[in-house]
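# Chain and residue survey
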Amino acid sequence: RMAGKWESATADMALQCPEVEELFQRFQNPAEADKLTKITKDLEEVKGVVMQSMDDLLKRGESLDQLMQKSKDLSATSVQFYRTAKKNNQCCKWA
């Protein structure tokens, strides 16, 4: 496609070659030029997401433990209230 155009050039000139332009733009980004660098970067991003997810799960687990303890406390208080109410109501029964 470019045959005969650049051989006779005596000064700088703009030659249109979309394929070269595309490759030039693509390889301006070192991550695109080096696939290993791109994969390493992607793995670091995934690692960050996994670590954040694990931290969130641990926090959620702590919250669930606290909620379970509150539930047990409420249950014990409820049983105690029931027993006290039953004992108090026995004196008020009409035979």
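Residues numbered from 1 in each chain as written. Predicted model: local features only at pLDDT ≥ 70, side-chain atom pairs only at ≥ 80, totals over all residues. Heavy atoms only, no water.

Attention now moves to the overall build of the protein. When helices and strands are tallied, the protein shows three helices and zero strands. Each helix (α) and strand (β) of the protein, taken in turn from the N terminus, gives the series α-α-α. Looking at the 95 residues of the protein, the share that counts as buried comes to 3%. Per element, the accessible surface of the protein, about 9,200 Å² overall, is 60% carbon and sulfur. (Helix = DSSP H or I, 4+ residues; strand = E, 2+ residues; numbered from the N terminus. Buried < 20%, exposed > 50% of the residue type's maximum accessible area, 1.4 Å probe, protein only. Areas by Shrake-Rupley, 256 points an atom, 1.4 Å probe, with all protein chains shown as cover.)

It is worth spelling out the pattern of salt bridges at this point. Tallied over the entire structure, the rule returns two salt bridges. Residue lysine 41 is joined to glutamate 45 by a salt bridge in which the shortest nitrogen-to-oxygen separation is 3.7 Å. Taken together, the positions of lysine 41 and glutamate 45, both in helix α3 (residues 35-90) and four residues apart, correspond to about one turn of that helix. (Salt bridge = Lys/Arg side-chain N within 4 Å of Asp/Glu carboxyl O.)

We now examine the confidence of the model for the protein. This prediction gives the protein a mean pLDDT of 81; 86% of its residues lie at or above 70. Averaged pLDDT values over the elements of the protein bottom out at 67 in helix α2 (residues 30-33) and peak at 87 in α3. (pLDDT = per-residue confidence, 0-100.)

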